[in-house]
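Residue-level structural notes
Read off the chains here:
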Amino acid sequence: DPHSKGSGLGALKARFHSSSLALIRPLFCRFQLKKFVSGRPFPRLNLKNTTCSATAVLESDVKDTGSFVEVGYIASTHGVHGELHVYSRTDFPEERFQKPGKRWVRSKRMGKPVYQEVELLEGREVGGKRPSWLITLKGFNSVEKASDLVGSTLLVSERPTLNDDEYYIPDLVGMAVILQKTGEEIGTILDVYNTGGDTDLLQVERTDVASGQKVWIPFVTQIVPVVDQKRRRVEIDPPAGLLELNSPGESKHEKAKLKKDAKEKRKLRERFSGVKKKLMAIGQTHILEGLSTGTESQQQELVSQLLRIDFSLFHRALKHVLPLSESTGRERDEFSWKPPLNFPCSDWQEIDACLQQEDTETDGGDTFRWWKGGLQLIADGRVAVVVLAGGEGTRLAGKGLCVKGAIDLGLAGGKSLFQLQAERLLIVQELSRMVTNVTTKPCIPWIVMTSDATDASTRAYFEDNEFWGLDRSQVWFVKQASLPCCSIETIEGQHRILLETPWKVAQAPNGNGGLFNSLSVQGTSDRLADLGVEYVQVYAVDNALVRVADPVFFGYAKERGADIGIKVVTKTSADEAVGVVCMNYERAEVQGAESSDFPEYTDSPRYGVLEYSMITDSSKHATEETEQGRQLKFRAAHICVNVFSLSFLRKLGEPEFELEYHPAVKHIKHVTKQGEEWVEVIPNRPNGIKLERFIFDAFKYSDPSKVALLEVAREEEFAPVKNAPAAGVADTVDTARCLMKSLTKRLPPLTPSKTGTQIRHLVRNLNVAYMGAHIEENIRDFLVTSDEVSQLT
Ligand SMILES: CC(=O)N[C@H]1[C@@H](OP(=O)(O)OP(=O)(O)OC[C@H]2O[C@@H](n3ccc(=O)[nH]c3=O)[C@H](O)[C@@H]2O)O[C@H](CO)[C@@H](O)[C@@H]1O
């Protein structure tokens, strides 16, 4: 309705007068208008209880809702006879709230406007800050009935004719605002306000500045000379500086933001002073020296890094590995470690033989049964895989940084480790769909564990390769934690944290055993549990023959009801750089032993790995007589391909099962302050310690009866890429490629899937591809569409 005091509802009566900025300014200062509309949720309209003659209709049923004019807001009931308290939004309140006759009420039902015709019987004005009225509507004669209308808007259906200089606010709202001098559009009218003075103000949202800033423009002829209703635009000629003035709302907002920023800064300062105290307590304050040199942003970088480091954990871990001479493990008591008892061996030829038989329901042997069971687990969405890809790959890349998974293996098509793994995942998903006859293709979550050192480049590498055709949502990146590196030598009894630059602490990923904690704190294990996952295969990124999501391994672990499945191969020589899986008879206290979840750990042996860096020479070379002749006593090589039940993996994320730290002694380039100078130190012998957790330290937390070892053929499943290629060096890209190629030669020949005529052929083909025959092929040739499968089945 036309009015002079208002909330932007009803018509604006523009009073054109000569106004100047001097007059406008005080207006801005006291401009603290609240909208009349309280924003209270609309109560639901309860038609059943309404005995009045009112009818409710949806907007689409009302012929011309555009002709409605809002005249008031029904704020509450009054008394016990159904009177309603209405806030006025009209310049003609007597006409609207006193004169009996037809009115409309608009409320919302399930988010949609609903219009209801009502009849006004009488009304009277009440005092108060806001202009408001008490009205009585026909049929609404009790509080109960009247309360149905609270929160609704009172409407009239006819608009009074306006003078030339009067406009309805709803007509102005949404109009474009044009600078008359340049024709440039600067924004849109959001609303119209009046502060009680003579001048109405247009609230304009700027569209020409990025922030969508709001400005207030006095609705006076000098500043708004043209209101073009037809073209839905106003032309303005603002005095200098007007557009730069922000709305009071904005400045309020800004004030709140400044306050919030100040609060955050204060919190940061407090946290940082906590960090300083901690550094003082652990004797590492030298890493703050950068704060007195360099640029502000360099110093800022240091502060934010220090705030992210868990110095308590660092200190605990360092204490755990000290003194170094004892804890490198070289002196470990070899008599407490014994080779594991007998365990089964998997045999892929058995699967292939079964697939060649006419009878597809054939039972086969153990491996075939595990294989089928595993494919069913995959089809049922019960499995996930984790690739350990947080290592820095220093042996491979020397001092530079390297994303191992991205290394080109020198195969046709320039395939990398990650690509081969993605392809195997696609193939095994396909295999599972075909063998189990599920209608939708299984989708196995692939968790990529990265670290600060590898995260950005790994993600970029996946993006660049469009995830090799995998569903993006099945690949989850989880970043493991890092810890500061420190010096081997001590100063005043302290191993000192090393600095990469004066403003950056040298850090390293905390070892692949950091996985459990990362999965837990980042909510990944919970997410897997929500999906119904039961088993998770965890493998090292650098094995070119790894069977990703190996159905045999899953089926085997499930059949054995295992907490942990461990794949082993026979160690080739005493000096091969692999850990060996053993039983540890050492009487040791295991953290969490009291927990009812874990059996008592006293004299009973536990599984563990004697890592190649820890095993004594005599254990390494010890031999024993076996059915196959004399062999190394400790020969069950750990190839870092394991399966964990999700329930066990989740327990390992709990604080009481924290894995111990091991020291990795390395060359670490760093800077140090000599006098006033920063000097770079490039070591020519190992000078630093990285603190690492090992994944296999988790083995001891399981009852041995729930650990299931599975021997696999090394030439089929183990081709590690650890070192830079050089003559006579083992475990390089070249040795891995040779192993892959010779396996491909031993496997049956492939016939591209689409030429296959029977599902049995397709399945066999896929299985052979999965085992390693696909390395130089385009795997799209093996993948079959749903239509093709349904035609065959
Ligand atoms: C601790 C461990 O597992 N040792 C095994 C690892 O030794 P090895 O010493 O070769 O272990 P690596 O340093 O290569 O790490 C193994 C895997 O863990 C990843 N990684 C490493 C550190 C880290 O902080 N984050 C991370 O994700 C690496 O990227 C790699 O995928 O593989 C050998 C087989 O090849 C096994 O015989 C060893 O028992």
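Basis of the calculations
Residues numbered from 1 in each chain as written. Predicted model: local features only at pLDDT ≥ 70, side-chain atom pairs only at ≥ 80, totals over all residues. Heavy atoms only, no water. Helix = DSSP H or I, 4+ residues; strand = E, 2+ residues; numbered from the N terminus. Buried < 20%, exposed > 50% of the residue type's maximum accessible area, 1.4 Å probe, protein only. Contact = heavy atoms within 4.5 Å. Near = heavy atom within 4 Å. Polar contact = N/O pair within 3.5 Å; in protein donor to acceptor, adjacent residues only side chain to side chain. Nonpolar A, V, L, I, M, F, W, Y, C, P; charged D, E, K, R; others polar. Salt bridge = Lys/Arg side-chain N within 4 Å of Asp/Glu carboxyl O. Pairing = 2+ DSSP bridges. Axes fitted to C-alpha atoms, helices over the stretch in contact; angles between N-to-C directions. Phe/Tyr/Trp six-rings, centres within 6.5 Å; stacked < 30°, edge-to-face > 60°.

Helices and strands together make up the secondary structure of the chain, namely 22 helices and 37 strands. In the chain, which comprises 793 residues, the share counted as buried stands at 50%. A separation threshold of at least 6 residues defines the contact pool for the chain, and within that pool the share at least 24 residues apart is 71%.

Near the ligand you find 24 residues, and of these Leu-388, Gln-480, Tyr-612, His-638 and Lys-722 are the closest. Arg-395 is positioned with one of its side-chain polar atoms (N or O) 3.0 Å from an oxygen atom of the ligand. Taking Asn-512, its side chain carries an N or O atom lying 2.8 Å from an oxygen atom of the ligand. Residues of the shell around the ligand, tallied by class, amount to twelve nonpolar, seven polar and five charged.

Turning next to the pattern of salt bridges. If you walk through the whole model with that rule in mind, you get 40 salt bridges. A salt bridge links Glu-235 to Arg-233, with the nearest nitrogen and oxygen atoms 3.2 Å apart. Connected through salt bridges with shared partners, the residues Arg-547, Asp-550, Lys-567, Glu-716 and Glu-717 form a single ionic network.

Let us now look at the pairing of strand β30 (residues 623-626). Both β30 and strand β31 (residues 629-632) contribute to a ladder of four bridges, which runs antiparallel. In the sheet register, Thr-623 faces β31, and the bridge partner there is Leu-632. Between β30 and the antiparallel strand that follows it, β31, lie two residues.

Ordered in space as β13-β12-β11-β10-β15-β14, the six strands form an open sheet in which the pairing is mixed. Strands with a single pairing partner mark the edges of an open sheet, and in this sheet they are β13 (214-218) and β14 (226-228). Looking at each pair of strands side by side, their axes are set apart by 35° on average, direction ignored. Bridge analysis of strand β12 (residues 200-206) against β13 gives five bridges, and the strand direction is antiparallel. Across the sheet, the residue bridging to Gln-203 is Trp-216, located in β13.

Here the focus is the packing of aromatic side chains. Per the stated rule, a full pass over the model turns up 17 aromatic pairs. Both rings, one in Tyr-167 and one in Phe-219, keep their centres 5.9 Å apart while their planes meet at 50°; by these two values the pair is tilted. Pair noted here: Tyr-167 is in strand β9 (residues 166-168) and Phe-219 is in the loop between β13 and β14, with a separation of 52 residues, a long-range link. Look at Phe-219 and you get buried, because its relative accessible area is 1%. Measuring from ring centre to ring centre gives 4.9 Å for Phe-418 and Phe-462, while their planes differ by 65°; the resulting arrangement is edge-to-face.

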